[in-house]
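Observations on the three-dimensional arrangement
Here is how the chains run, residue by residue.
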Protein chains: 2
Amino acid sequence: MVLEYLLVALCRTPSSGYDLGAVFKAALRLFWSAELSQVYPTLKRLERRRWLKARTVPSDRGPARRVYESTERGREALSAWLAQGPAFREERYAVAAQVFVLDAAGGPEASAAFIARLRDSLTDRAAALAAVDDQIKVADLTDAEFHQYLSLRLGRRVVEARLAWCREALEALAARPSKAKPKRPTGRR
Amino acid sequence: MVLEYLLVALCRTPSSGYDLGAVFKAALRLFWSAELSQVYPTLKRLERRRWLKARTVPSDRGPARRVYESTERGREALSAWLAQGPAFREERYAVAAQVFVLDAAGGPEASAAFIARLRDSLTDRAAALAAVDDQIKVADLTDAEFHQYLSLRLGRRVVEARLAWCREALEALAARPSKAKPKRPTGRR
DNA sequence: GTAAACATGTAACCGGTTACATGATTAC
DNA sequence: GTAATCATGTAACCGGTTACATGTTTAC
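Below, the structure is looked at part by part. The shown structure was predicted, so the numbers you read here are calculated from the model rather than taken from an experiment.

A closer look at the relation of the copies chain B and chain A
Laying chain B over chain A is done by rotating through 180 degrees and shifting 0.0 Å along the axis; what remains is an RMSD of 0.0 Å. The superposition operator between the copies reduces to a two-fold rotation axis. Mapped onto chain A, 100% of the interface residues of chain B again fall at the interface, so both copies present the same surface.

Here it is as structure tokens:
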């Protein structure tokens, strides 16, 4: 289960459930997210499995924190998972599914409007990712940070590929002879 | 719900649950998939909602087929959904999540091995997509086929972006000064 | 005072997968 | 005979989301 391994990995630096929730809302949300209501029970499960150990630490602001840290057992499980290689699993990209049936939108203008909206959103996302990326000095990164940086680069490349597709698709739509469905077999010259 | 709209769209050409299952296992599986055990109950639900209508047709090989076809109501719901624009939803790409924590794999060689395996799989996928793509004559396509073709192009671009990332990441890993953790503070000259 | 951030949880629901059950037809 | 393909479903489970419940501290 992906979330379990992710939590073990993140808990190599001691973290509370709340901390981890913030990580999923920030850096990781590009490819994996988790709600706090899922994180808390999962942490307990991992503690029972002894992949994590926990202690309670008073907080200076707010209630006491339950801080988790990965165990040797947990880290072994994690590295065994990674050693199995890339975890391919069925992907779901709703937008592409929409494109697949986009002819039902009503015509070339509707298709173009849809894709133009997609392009605009992706442009914003690409700019945001670029801004983060450009501020990173690769040479300064720790091993952990360097791998996080690699995943950011992957996210950025995918967003830019989708953006490039939008432009291509808009061109292809424009170039497509408009089915101005002539009532008669052919428009008489 | 994505699956519901997809089924309505696909049933613009009359199809049985079995037929639809085949579509999800073939063309659509690049971004959305569904098991027959999910398709059948969903079709019944859509029939009750009158987005689909059904009739039973004897099959020449095997049991009788239940053939579904979208209704006007269903198609209206579909086009309203598409008119709302791109359906952004949390994405999950397990491989990228693995990269995010790949420093736990054991070192630069382990990371490189992981990424090399990914590159090899993606190379195969890219070749398969390219082979399909290259055989398509865009001018010959109907509107529906053209949009399916666009989604194929999107899938291809994403796969190729990931592939390009693999090469970049392997280079970045190789270029990274190996933390050959010297026992002494610095190798004495 | 009150809103925001800190902090931890439970309960109900839902979309989706895996496993199971049934049976006809065709090709070997 | 038997395996593969055609064909339709049900049941149990599971990962994940939404909504709910509770309480503290800080900044305005």
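Let us keep going from here.
Focus: the protein's contact with DNA strand C
Lining the immediate environment of DNA strand C, one finds 23 residues, of which Ser59 and Arg66 of chain A together with Ser37, Gln38 and Pro63 of chain B sit closest. Arginine 61 of chain A is positioned with one of its backbone polar atoms (N or O) 3.0 Å from a sugar or linking oxygen of DNA strand C. Breaking the surface near DNA strand C down by element, the ones donating at least two residues are helix H2 (17–25), helix H3 (36–48) and strand S3 (65–70) of chain A together with helix H3 (36–48) of chain B. Among the elements that line the surface near DNA strand C, the one with the most residues is H3 of chain A, at 4 residues.

Things to note about the pattern of salt bridges
Per the counting criterion, the structure on display carries 32 salt bridges over all chains. Close ionic contact of glutamate 160 of chain A with arginine 156 of chain A constitutes a salt bridge, the shortest N to O distance being 3.0 Å. A residue pair is termed a helical-turn pair when its members lie 3 or 4 positions apart in one helix, as glutamate 160 of chain A and arginine 156 of chain A do in helix H7 (residues 143–175) at 4 residues. Accessibility expressed as a relative area gives 33% for glutamate 160 of chain A, which makes it partly exposed. One salt bridge connects arginine 162 of chain A with glutamate 91 of chain B, and the closest N-O pair in it is separated by 3.0 Å. Remark: glutamate 91 of chain B occurs in the loop between helix H4 (72–83) and helix H5 (94–100) and arginine 162 of chain A occurs in helix H7; the pair is interchain, linking two chains. The buried category is assigned to arginine 162 of chain A, whose relative accessible area is 7%. Among the charged side chains, a network of salt bridges with common partners joins Asp133, Asp134, Arg153, Arg156, Arg157 and Glu160 of chain A together with Glu168 of chain B.

With respect to the packing of helix H1 (residues 2–10) of chain A against helix H4 (residues 72–83) of chain A
All names here are of chain A. Close contact between H1 and H4 brings their axes to 9 Å; oriented N to C, the two are set at 125 degrees. One element, H1, and the other, H4, form an angle in the oblique class. The chirality of how H1 crosses H4 is left-handed. Across from Val2, Tyr5, Val8 and Ala9 in H1, the residues of H4 making contact are Gly74, Arg75, Ala77, Leu78 and Trp81. Of the residues assigned to the contact of H1 with H4, the class counts are 7 nonpolar, 1 polar and 1 charged.

Observations concerning the sheet that holds strand S3 (residues 65–70) of chain B
Residue and element names in this part refer to chain B. Strands sit in the order S1-S3-S2 across an open sheet of 3 strands; the sheet is antiparallel. Edge positions in the open sheet fall to strand S1 (15–16) and strand S2 (52–57), since each of these has one partner strand only. Where S2 and S3 come together, 6 bridges link them in antiparallel fashion. Each bridged residue has a counterpart across the sheet, and for alanine 54 the counterpart in S3 is tyrosine 68.

Some points on the environment of isoleucine 136 of chain B
Residues and elements named next belong to chain B. Mapped onto the secondary structure, isoleucine 136 falls in the loop between helix H6 (108–134) and helix H7 (143–175). On the accessibility criterion, isoleucine 136 (27% relative accessible area) is partly exposed. Each C-alpha atom, one on isoleucine 136 and one on leucine 43, is 31 Å from the other, the two residues being 93 residues apart in sequence. In contact with isoleucine 136, not counting residues within four places along its chain, are Leu141, Tyr149 and Leu152.

Some words on the sheet that holds strand S1 (residues 15–16) of chain A
One open sheet accounts for 3 strands, arranged S1-S3-S2 (chain A); its pairing is antiparallel. Strands at the two margins of the open sheet, each flanked by one partner only, are S1 and strand S2 (52–57) of chain A.

Brief notes about the protein's contact with DNA strand D
What surrounds DNA strand D is a group of 23 residues, the closest being Ser37, Gln38 and Pro63 of chain A together with Ser59 and Arg66 of chain B. Considering DNA strand D, the proportion of its atoms within 4 Å of the protein that are sugar or phosphate atoms stands at 68%. Backbone polar atom of aspartate 60 of chain A to a sugar or linking oxygen of DNA strand D: 3.4 Å apart, as the coordinates give it. Contributing elements (two or more residues each) for the surface near DNA strand D: H3 of chain A together with helix H2 (17–25), H3 and S3 of chain B. Element by element, the count of residues in the surface near DNA strand D is highest for H3 of chain B, at 4 residues.

Some words on the layout of surface pockets
Here the largest pocket defines a volume of roughly 630 Å³. If you go around the largest pocket, you meet 29 residues; those closest to its centre are Arg89, Glu90, Glu91 and Arg92 of chain A together with Leu30 of chain B. Secondary-structure elements contributing two or more residues to the lining of the largest pocket are H5, H6 and H7 of chain B. If you tally residues by element for the lining of the largest pocket, the top one is H7 of chain B, at 5 residues. Residue classes in the lining of the largest pocket are distributed as 15 nonpolar, 2 polar and 12 charged.

Re the interface of chain B and chain A
Buried accessible area, meaning the area lost when the parts come together, often serves as the stated size of an interface. Between chain B and chain A, the residue contacts involve 67 residues of the former and 67 residues of the latter. Roughly 6800 Å² of surface becomes buried between chain B and chain A when both sides are summed, with 65% attributable to carbon and sulfur atoms. In this structure, the connection of chain B to chain A is made through 10 salt bridges. At the junction of chain B and chain A, the tally comes to 30 residue pairs in polar contact (both at pLDDT 80 or more). If you list the elements that add at least two residues to the side of chain B that touches chain A, you get helix H1 (2–10), H4, H5, H6 and H7 of chain B. For the side of chain B that touches chain A, the leading source of residues is H7 of chain B, giving 19 residues.

Definitions and limits used
Residues numbered from 1 in each chain as written. Chains lettered and ligands numbered in written order. Predicted model: local features only at pLDDT ≥ 70, side-chain atom pairs only at ≥ 80, totals over all residues. Heavy atoms only, no water. Least-squares fit on C-alpha atoms with pLDDT ≥ 70 in both. Contact = heavy atoms within 4.5 Å. Near = heavy atom within 4 Å. Polar contact = N/O pair within 3.5 Å; in protein donor to acceptor, adjacent residues only side chain to side chain. Helix = DSSP H or I, 4+ residues; strand = E, 2+ residues; numbered from the N terminus. Salt bridge = Lys/Arg side-chain N within 4 Å of Asp/Glu carboxyl O. Buried < 20%, exposed > 50% of the residue type's maximum accessible area, 1.4 Å probe, protein only. Axes fitted to C-alpha atoms, helices over the stretch in contact; angles between N-to-C directions. Parallel < 35°, antiparallel > 145°, perpendicular 65-115°, else oblique. Left-handed = near helix turned anticlockwise from the far one by under 90°. Nonpolar A, V, L, I, M, F, W, Y, C, P; charged D, E, K, R; others polar. Pairing = 2+ DSSP bridges. 1 Å grid on protein atoms, 1.4 Å probe; cavity = no way out; pocket = protein on both sides within 12 Å on 5 of 7 lines; lining within 4 Å. Points joined across faces, edges and corners; volume = space filled by probe spheres on them. Buried area = accessible area lost by both parts, 1.4 Å probe.

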